[in-house]
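One-letter residues, chain by chain:
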Amino acid sequence: MESKVSYFYRSKNISGVSINEDSLISLSTAIVERCVKMNEQAQKESREVCAQCVFFILFDGKGYKVDSIGELVKYFRQATRIDQIIFTIETYQSRQSNRMNGSWMELRIDERNSNSSTMIVASEDNEWVDSLWITIQDLLNKCKNKFRFFRTAWTMLSIQISGVTVGFLLSLWTASKLAPKLSIDGAFALSFICIFILFSNLWSFAIPLIIKLIDFLFPSVKFVINGKNYFHWSVQAIIGAIASAVILYFISSMLLFALEMLNSIIKK
């Protein structure tokens with residue numbers, strides 16, 4: 001009875017990394033060296049593996065598939081904006097079986113759609129999978145940026161709570177200004193409810209825009225080309241300073257109003 005060959009597969013999503021020219025060279029060099037070792041080992045054992053590394057870079061609406069580090073770096077330097085870089089290792093077996101057999105690896109770094117940034121390593125050789133996985137993972141850990149601290153569930157929860165709180169206070173303030181002009185019973189309560197419902201609908205529309213702003217200011221995956229990251233930090237600083245000043249002023253005004261209302265209720 002023929003024994004079944006085990007197949008080992010590891011994958012993960014990539015996030016919170018910034019790739020500059022140095023890290024690009026480090027990653028591609030590690031992949032090329034792995035291909036060379038695979039082919040050298042195959043020659044020693046008189047077998048044909050034909051491992052090959054291929055890089056794909058998508059930038060400025062153009063895509064190029066290259067097999068050398070020099071060409072990859074050349075296009076990296078030429079780019080105005082890089083959308084995606086894919087690092088791959090393929091063998092004859094993986095190409096013939098559409099990656100169902102043989103050893104192969106794919107590292108996809110996608111700034112345009114960070115959710116598709118992944119690393120996959122597969123082979124019948126568990127040691128090959130583990131060693132390559134650790135090597136690439138160690139290099140990616142050196143590319144970690146601080147943006148990941150702003151892209152957590154706690155960040156979105158804080159934004160949601162802050163938005164609802166500001167909306168509540170703003171509704172109270174607006175209702176207090178509008179109620180004296182309405183000659184109906186319960187004018188304040190009715191004004192508050194209507195304004196808060198209106199704000200809730202506007203807030204549902206604003207949340208996706210806020211998420212897009214966060215993606216721009218704190219990208220999960222970022223290619224740093226010719227020092228453009230410094231410009232990005234300047235944009236962050238300007239927008240952050242303006243937003244902080246407006247939010248602090250608005251919150252302080254709303255809290256002062258809330259305290260005045262609470263004080264009037266206590267006196268009554």
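A quick note: this is a predicted structure, and the numbers were derived from the prediction, not measured.

Reading the values: rules and limits
Residues numbered from 1 in each chain as written. Predicted model: local features only at pLDDT ≥ 70, side-chain atom pairs only at ≥ 80, totals over all residues. Heavy atoms only, no water. Helix = DSSP H or I, 4+ residues; strand = E, 2+ residues; numbered from the N terminus. Buried < 20%, exposed > 50% of the residue type's maximum accessible area, 1.4 Å probe, protein only. Contact = heavy atoms within 4.5 Å. Areas by Shrake-Rupley, 256 points an atom, 1.4 Å probe, with all protein chains shown as cover. Core = buried A, V, L, I, M, F, W, Y, C linked by side-chain atoms within 4.5 Å. Phe/Tyr/Trp six-rings, centres within 6.5 Å; stacked < 30°, edge-to-face > 60°. Lys NZ or Arg CZ within 6 Å of the ring centre and 35° of its normal. Pairing = 2+ DSSP bridges. Axes fitted to C-alpha atoms, helices over the stretch in contact; angles between N-to-C directions. Salt bridge = Lys/Arg side-chain N within 4 Å of Asp/Glu carboxyl O. Expected span 1.5 Å × (residues − 1). Arc of directions from axis to C-beta. Polar contact = N/O pair within 3.5 Å; in protein donor to acceptor, adjacent residues only side chain to side chain.

## Re the overall build of the chain
Within the chain, the regular secondary structure consists of 7 helices and 8 strands. For the chain, buried positions account for 37% of its 268 residues. Long-range contacts, defined as pairs at least 24 residues apart, comprise 63% of the intrachain contacts of the chain with a sequence gap of at least 6. By element, 61% of the accessible surface of the chain is carried by carbon and sulfur atoms, the whole surface being about 16400 Å².

## What about the nonpolar core?
Ile82, Ile85, Phe87 and Leu107 are the most contacted members of the largest nonpolar core, which has 40 residues in total. The element that contributes the greatest number of residues to this core is helix α4 (residues 126-141), accounting for 7 residues. Not counting chain neighbours up to four residues away, the residues in contact with phenylalanine 87 comprise Leu24, Leu27, Ser28, Ile31, Val54, Phe55, Leu72, Met105, Glu106, Leu107 and Ile109. Formed by 5 residues, the second largest nonpolar core is a distinct cluster that contains Leu169, Ala175, Phe192 and Ile195.

## Some remarks on the packing of aromatic side chains
All told, the structure shown has 7 aromatic pairs when counted by the stated rule. Ring geometry for phenylalanine 59 and tyrosine 64: centres 5.8 Å apart, planes at 25°, overall stacked. Pairing phenylalanine 199 with tryptophan 203 gives two aromatic rings, centres 6.0 Å apart and planes at 15°, and the pair type is stacked. Placement of the pair is phenylalanine 199 and tryptophan 203 together in helix α6 (residues 187-217), with a separation of 4 residues, close to one helical turn. Residue phenylalanine 199 shares its accessibility class with tryptophan 203, and that shared class is buried. Ring pairing ties together the aromatic residues Phe59, Tyr64 and Tyr75, which thus form one cluster. We note lysine 74 situated over the ring of tyrosine 75; from NZ or CZ to the ring centre the distance is 4.8 Å.

## Topic: the sheet that holds strand β4 (residues 62-66)
With antiparallel pairing, 6 strands are arranged side by side in an open sheet as β1-β7-β6-β5-β3-β4. A strand with exactly one partner marks an edge of an open sheet, and here the two such strands are β1 (8-13) and β4. Sheet twist, expressed as the mean angle between neighbouring strand axes with direction ignored, is 5°. Each of β3 (52-59), β4 and β5 (82-90) is contacted by helix α2 (residues 69-78), which is oriented at about 10° to β3, the strand it contacts most.

## A word on the pattern of salt bridges
Per the stated rule, a full pass over the model turns up 8 salt bridges. Taking the shortest distance from any N to any O, the salt bridge between aspartate 130 and arginine 10 comes out at 3.2 Å. On the criterion of sequence distance, the pair formed by aspartate 130 in helix α4 and arginine 10 in strand β1 is long-range, its members being 120 residues apart. By relative accessible area, which is 26% here, aspartate 130 ends up partly exposed. By relative accessible area, which is 32% here, arginine 10 ends up partly exposed. Among the ionic contacts, a cluster of salt bridges with common partners joins Arg81, Asp83, Glu111 and Lys222.

## So, α4
Look at α4: 22 Å from first C-alpha to last across 16 residues, which is about the 22 Å you get at 1.5 Å a residue. By the burial criterion, the buried members of α4 are Trp128, Val129, Leu132, Trp133, Ile136, Gln137, Leu139 and Leu140. One side of α4 holds all its buried residues, which, seen down the axis, span an arc of 160°. Two or three places before glutamate 127, at the opening of α4, aspartate 125 has a side-chain oxygen 3.0 Å from that residue's backbone nitrogen.

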